[in-house]
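# Summary of structural features
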Amino acid sequence: MAEKKISNKKYEAELARLQIELVKMQEWIKSQGLKVVVIFEGRDAAGKGGTIKRITEPMNPRITRVVALPAPTEREKTQWYFQRYVAHLPSAGEMVIFDRSWYNRGGVEKVMGFCTEEEHQDFLRSCPEFERMLVRSGIKIIKYWFSVSDEEQERRFQKRLVTPTKRWKLSPMDLESRNRWVEYSKAKDIMFAHTDIKQAPWYVVNSDVKKHARINCITHLLGQIPYEDTTPEPIVLEDRPVVQGYVRPPMDDQTFVEEVHSKL
């Protein structure tokens, strides 16, 4: 029996409520000097980007920032694998969201042959220790894996083909992933076996229904950081001072954007 989907009205109301709580959490992170890393991984078209967008929508980008790194440069390829990610870790009072992360080596690099078997094995050994080291330094790590069925992923791929604003999401890597479903599944299983550690466990989000995934993930995220409501008291604005001695330049001296809305 198919799962009953949340209505748009209930979804919008709950999302609005959760976003208010996200702002409260953000202010707590800032006031307490917390350092938080949230990692989003999962299948292509699993809905990671949409969830990240809803999380960051009400947030202050100076406190909550998204890191989505491109493919490594030739110079970065010669560095210690984790080096380019370390540069983006949070300072006190910040939350960093990784839209894909160092787990590229456990997934796409492994499946597509972008790393050697020796490099993959070294990653599996090093990653848990790397994350334990970060946790010991005071960084809170929260890891989400977005799980989507083969059928739903295919439906979303097909939709992207006919939606101009989404066609850019179909990269050659995404298309190739369609042919390597089993390989990605095996790589994920191996990765989980090595990196689902007590200090930084994996949390799996069922994302066959995007709205459900967003509500569930945000609710879980809020529960990972015990926060208090430090919302400032309402501000009472005093009357503005009376303007004296200022004459505004003629409006004709300025170039305005055409008001095309009046022609619609």
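This one's a predicted model, so the numbers in the text were calculated from it and none came from an experiment.

### Description of the pairing of strand β4 (residues 139–147)
Burial of β4 is extensive: seven of the nine residues sit out of reach of the surface. Of the strand pairs in this sheet, β4 and strand β5 (residues 202–206) are connected by five bridges, and their pairing is parallel. Bridged to S147 within β5 is N206.

### Thoughts on empty space enclosed by the protein
Enumeration over the complete set of coordinates arrives at one cavity of 30 Å³ or more. The computed volume of the largest cavity comes to approximately 30 Å³. For the largest cavity, the full set of lining residues is A46, G47, T51, K210, A213 and R214. No other element matches helix α10 (residues 210–224), which puts three residues into the lining of the largest cavity. Among the residues making up the lining of the largest cavity, the classes are represented as two nonpolar, two polar and two charged.

### Some details on the nonpolar core
Ranked by internal contacts, the top residues of the largest apolar core, which has 27 residues, are V38, F40 and Y144. Elements represented by at least two residues in this core include exactly α1 (8–32), β1 (35–42), α2 (48–56), β3 (94–99), β4 and α10. Those residues in contact with F40, other than ones at most four positions away along the chain, are K48, T51, I52, I55, I97, F98, D99, R100, Y144, F146 and C217. In this structure, V37, F82, F130 and I141 belong to the second largest nonpolar core, which totals 24 residues.

### Overview of the state of the cysteines
With the rule as written, the count across this model stands at zero disulfides. C115 carries a free sulfur, and the closest cysteine sulfur to it, the one in C127, is 13 Å from it. Take C217: it sits in no disulfide, and the sulfur closest to it among the cysteines is that of C127, at 19 Å. Of the residues examined, C217 reaches a relative accessible area of 1% and is grouped as buried.

### Re helix α9 (residues 181–195)
Compared with an ideal rise of 1.5 Å per residue, which puts 15 residues at 21 Å, α9 spans 21 Å between its outermost C-alpha atoms and is within 8% of the ideal. Burial in α9 covers these residues: Y184, A187, M191, F192 and T195. Looking straight down α9, one finds its buried side chains confined to an arc of 135°; they lie on one side. Residues of α9 that are exposed and angled more than 90 degrees away from the buried face: K186 and A193. Buried-residue contacts for α9 involve α5 (108–112), α6 (117–136), β4, α8 (172–178) and β5.

### Some thoughts on α10
Across its 15 residues, α10 extends 21 Å between first and last C-alpha, which sits within 8% of the 21 Å expected from 1.5 Å per residue. Every buried residue of α10 is accounted for by H212, A213, R214, I215, C217, I218, L221, L222 and Q224. Elements that come into contact with the buried residues of α10 comprise α1, β1, α2, β4 and β5.

### Structural notes on the side chain of H212
You can see H212 is positioned in helix α10. Classification of H212 by relative accessible area gives buried; the value is 11%.

### Observations concerning the sheet that holds β5
In spatial order, the strands read β2-β3-β1-β4-β5; together these five strands make up an open sheet with parallel pairing. Two strands close off the open sheet at either side, each with one partner strand: β2 (64–67) and β5. Adjacent strand axes in the sheet meet at a mean angle of 20° when their direction is disregarded. Alignment of β2 against β3, held across four bridges, turns out to be parallel. Opposite T64, over in β3, you have M95 as the bridge partner.

### What about the packing of aromatic side chains?
Tallying each qualifying case throughout the model produces 19 aromatic pairs. An angle of 65° between the planes, with centres 4.7 Å apart, marks the rings of Y103 and W202 as edge-to-face. Residue Y103 is located in the loop between β3 and α5, and its partner W202 is located in strand β5; the two are separated by 99 residues in the primary sequence. The class for Y103 is buried, based on a relative accessible area of 2%. Accessibility expressed as a relative area gives 7% for W202, which makes it buried. A ring pair is formed by W145 and F192, whose centres lie 5.9 Å apart and whose planes are at 85°; its orientation type is edge-to-face. With W145 in strand β4 and F192 in helix α9, this residue pair connects regions lying 47 residues apart in the sequence. Within the aromatic cluster, the residues linked to one another by ring pairs are W80, Y81, F82, Y85, F98, W102, Y103, F123, F130, W145, F192 and W202. One Lys or Arg, R43, reaches over the ring of W181 and ends 3.6 Å from the middle of that ring.

Cut-offs used in this document
Residues numbered from 1 in each chain as written. Predicted model: local features only at pLDDT ≥ 70, side-chain atom pairs only at ≥ 80, totals over all residues. Heavy atoms only, no water. Buried < 20%, exposed > 50% of the residue type's maximum accessible area, 1.4 Å probe, protein only. Helix = DSSP H or I, 4+ residues; strand = E, 2+ residues; numbered from the N terminus. Pairing = 2+ DSSP bridges. 1 Å grid on protein atoms, 1.4 Å probe; cavity = no way out; pocket = protein on both sides within 12 Å on 5 of 7 lines; lining within 4 Å. Points joined across faces, edges and corners; volume = space filled by probe spheres on them. Nonpolar A, V, L, I, M, F, W, Y, C, P; charged D, E, K, R; others polar. Core = buried A, V, L, I, M, F, W, Y, C linked by side-chain atoms within 4.5 Å. Contact = heavy atoms within 4.5 Å. Disulfide = S-S within 2.5 Å. Expected span 1.5 Å × (residues − 1). Arc of directions from axis to C-beta. Axes fitted to C-alpha atoms, helices over the stretch in contact; angles between N-to-C directions. Phe/Tyr/Trp six-rings, centres within 6.5 Å; stacked < 30°, edge-to-face > 60°. Lys NZ or Arg CZ within 6 Å of the ring centre and 35° of its normal.

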